[in-house]
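A look at the structure
Listed below are the residues making up each chain.
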Amino acid sequence: MFRFFARYKFFAIVLFVLSVIIISIIYSILKPKKILQVYEPYRIDATLVDSTVHHIRKYHKIADFSLLNQNGEEVTQDDYKNKIYVADFFFTTCQTICPIMTGNMKKIQDELKEDQEVLLLSHTVIPETDSVPQLKKYALKKGVDDHKWNLVTGDKKHIYDLARKSYMVAKSDGDGGPYDMIHTENFVLIDKKKRIRGFYDGTNEEEIKRLLEDISILKEEKLPNTH
């Protein structure tokens, strides 16, 4: 009996290895590829969405914008045309979540520095304080790559509307000002068709890993024609 198994030991090992390979191939073929969902306003926490858009069930896209970056250059949708990008909201004098968020955005920048398909966009929520010179000072301090990452300022209502009606990451309650805004820690993943494909806790390193994985998934996705 033992001689029999010894004689066919080599063939048994080969058969086992081949079986593992075949099973792996079949699994990879049958396993469905992960597809990131498209986030529509009606499915998002109402406290983060302006009431005028919360009813929207499909075709939501990031609205056009015109802002100034850390170099005093106008930044619009054209600068992000056919790009995947990560957006967030912050302010330079924040001492709580913003430094962590900025540090994690810097990690994304460094990880994808040579990737021409992916850009970053950070909006200040207190443009009256975060002027172009202030953003430039902050950008230099934090190691921002001007070719990869725009820190933008501009009209406060315009930024507020983007946060509430486009990216859906700001709470409406605050100090009672007409365009008051409390931003969240969320990073928002935007695809090449200007649609939201993911929300991530910008203060959580595991969430940053998930974001980087989702960017890879999004890059492989063949997007159908939509409205």
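Presented here is an overview of the structure given in this document. (Residues numbered from 1 in each chain as written. Predicted model: local features only at pLDDT ≥ 70, side-chain atom pairs only at ≥ 80, totals over all residues. Heavy atoms only, no water.)

Some remarks on the packing of aromatic side chains
What counts, and what does not: What counts as a ring pair is set by centres within 6.5 Å for rings of Phe, Tyr and Trp (its six-membered ring), and what kind of pair is set by the plane angle: stacked under 30 degrees, edge-to-face over 60, tilted for all other angles. With a 1.4 Å probe rolled over the protein chains alone, any residue whose accessible area is under 20% of its type maximum counts as buried; one over 50% counts as exposed, and the rest are partly exposed. We call a charge positioned above a ring when the Lys NZ or Arg CZ atom is no farther than 6 Å from the ring centre and deviates by at most 35 degrees from the ring normal.
Under the defined criterion, the tally for this structure stands at five aromatic pairs. Here Tyr80 and Tyr85 contribute two aromatic rings whose centre-to-centre distance is 4.7 Å and whose plane-to-plane angle is 55 degrees, an arrangement assigned as tilted. For Tyr85, a relative accessible area of 1% translates into the label buried. Members of the aromatic cluster, connected to one another through ring pairs, are Phe65, Tyr80 and Tyr85. When the ring centre of Tyr42 is taken as reference, the NZ or CZ atom of Arg57 above it lies at 4.0 Å.

Some words on the pairing of strand S8 (residues 186-190)
Moving residue by residue along a regular strand, the side chains alternate between the two faces of the sheet. As a reminder of what qualifies: Secondary structure follows DSSP: runs of H or I at least 4 residues long count as helices, runs of E at least 2 residues long count as strands, and numbering of each begins at the N terminus. Note on pairing: DSSP must find at least two bridges between two strands before they are called paired.
In terms of residue burial, S8 counts as a mostly covered element, since five of its five residues are buried. Every second residue of S8 is oriented toward a common face, with Asn186, Val188 and Ile190 on one face and Phe187 and Leu189 on the other, all of them buried. Taken together, the three bridges between strand S3 (residues 84-90) and S8 define a ladder with antiparallel strand orientation. Bridging from a neighbouring strand, Val86 pairs with Leu189 of S8. For S8 and strand S9 (residues 196-201), the ladder comprises five bridges, and the chain directions are antiparallel.

A short note on the environment of Val132
Condition: Note on definitions: a residue-residue contact is assigned when non-hydrogen atoms from the two residues lie within 4.5 Å.
With respect to the element layout, Val132 can be found in helix H4 (residues 132-142). Between the C-alpha atom of Val132 and that of Val152, which follows or precedes it by 20 residues, the distance is 8.0 Å. Not counting residues up to four positions away in its chain, the partners in contact with Val132 are Leu68, Asn69, Gln70, Asn71, Gly72 and Thr153.

Considerations on unusual backbone geometry
The phi angle at Asn82 is positive, at roughly 60 degrees, despite the residue not being glycine. Here Asn82 lies in the loop between strand S2 (74-76) and S3. Its identity is not glycine, yet Met168 carries a phi of approximately 60 degrees, on the positive side. Looking at where Met168 falls in the secondary structure, it is placed in the loop between helix H5 (156-167) and strand S6 (170-171).

Here's the deal with helix H3 (residues 98-111)
Which entries qualify depends on this criterion: Here the expected length of a helix is defined as 1.5 Å per residue gap, with one fewer gap than residues. By definition, the arc is the one covered by directions from the helix axis to the C-beta atoms.
The terminal C-alpha atoms of H3 lie 20 Å apart, and with 14 residues this matches the ideal 20 Å at 1.5 Å per residue to within 8%. Taken as a whole, H3 has its buried residues at Cys98, Met101, Thr102, Asn104, Met105, Ile108 and Gln109. Taken end-on, H3 shows its buried residues confined to a sector of 165 degrees, consistent with a single buried face.

Thoughts on the nonpolar core
To be explicit about the condition: Only buried residues count toward a nonpolar core. Its members are Ala, Val, Leu, Ile, Met, Phe, Trp, Tyr and Cys residues joined through side-chain atoms within 4.5 Å.
Formed by 29 residues in total, the largest nonpolar core has its most connected members in Phe65, Tyr85, Phe89 and Tyr167. Looking at this core, the elements with two or more residues in it are S3, strand S4 (118-124), H5, S8 and S9. Take this core: its biggest share by element is five residues, from H5. For Tyr85, the residues in contact, after removing those within four places along its chain, are Ile62, Phe65, Tyr80, Leu119, Leu121, Tyr167, Val188, Leu189 and Ile190.

Section: a negative patch on the surface
Rules: Exposure above 30% relative accessible area and the absence of a salt bridge qualify a residue for a patch, where like charges join within 9 Å and nonpolar side chains (Val, Leu, Ile, Met, Phe, Trp, Tyr) within 5 Å. In this description, accessible areas are obtained by the Shrake-Rupley approach with a 1.4 Å probe, and a residue is regarded as covered only by the protein chains that are shown. Just to be clear on terms, a salt bridge is a Lys or Arg side-chain nitrogen sitting within 4 Å of an Asp or Glu carboxyl oxygen. We score Asp and Glu as negative and Lys and Arg as positive, and we do not count His or the chain ends. In plain terms, the charge of a residue is placed at NZ if it is Lys, CZ if Arg, CG if Asp and CD if Glu.
A surface patch of like charges, here negative, comprises Asp64, Glu73, Glu74, Asp78 and Asp79. Mapped onto the elements of the fold, Asp64 is located in the loop between helix H2 (9-30) and strand S1 (66-68).

Some details on the side chain of Gln70
Put simply, the test is: For this analysis, a polar contact is any N or O atom pair within 3.5 Å, provided that within protein one partner can donate a hydrogen and the other can accept it, and provided that sequence-adjacent residues contribute only side-chain to side-chain pairs.
Topologically, Gln70 is positioned in the loop between S1 and S2. Residue class for Gln70 comes out buried when judged on its relative accessible area of 1%. Of note is the side chain of Gln70, whose polar atom sits 3.0 Å from the side chain of Asp146. A polar contact of 2.8 Å, which involves the side chain of Gln70, links it to the backbone nitrogen of Leu151. Every residue in contact with Gln70, bar those within four places of it in the chain, is listed here: Val132, Leu135, Lys136, Ala139, Val144, Asp146, Trp149, Asn150 and Leu151.

Quick notes on the packing of H3 against helix H6 (residues 205-220)
Geometry of a packed helix pair, given as the angle between the helix axes and the separation of the axes. Cut-off, in case you're wondering: Each axis is a line fitted through C-alpha atoms, and for a helix only the stretch in contact is used; angles between axes span 0 to 180 degrees, taken between their N-to-C directions. Crossings are assigned a handedness: left-handed for a near helix turned anticlockwise from the far helix by less than a right angle, right-handed for a clockwise turn. Amino acids are sorted into nonpolar (Ala, Val, Leu, Ile, Met, Phe, Trp, Tyr, Cys and Pro), charged (Asp, Glu, Lys and Arg) and polar (every other residue, Gly among them).
It is at 11 Å that the axes of H3 and H6 come closest, and there the two elements cross at 35 degrees. Along this stretch, H3 crosses H6, giving a crossing that reads as right-handed. The segment H3 lies against H6, with Asn104, Lys107, Ile108 and Glu111 engaging Glu205, Ile208, Leu211 and Leu212. Of the residues belonging to the contact of H3 with H6, the class tally is four nonpolar, one polar and three charged.

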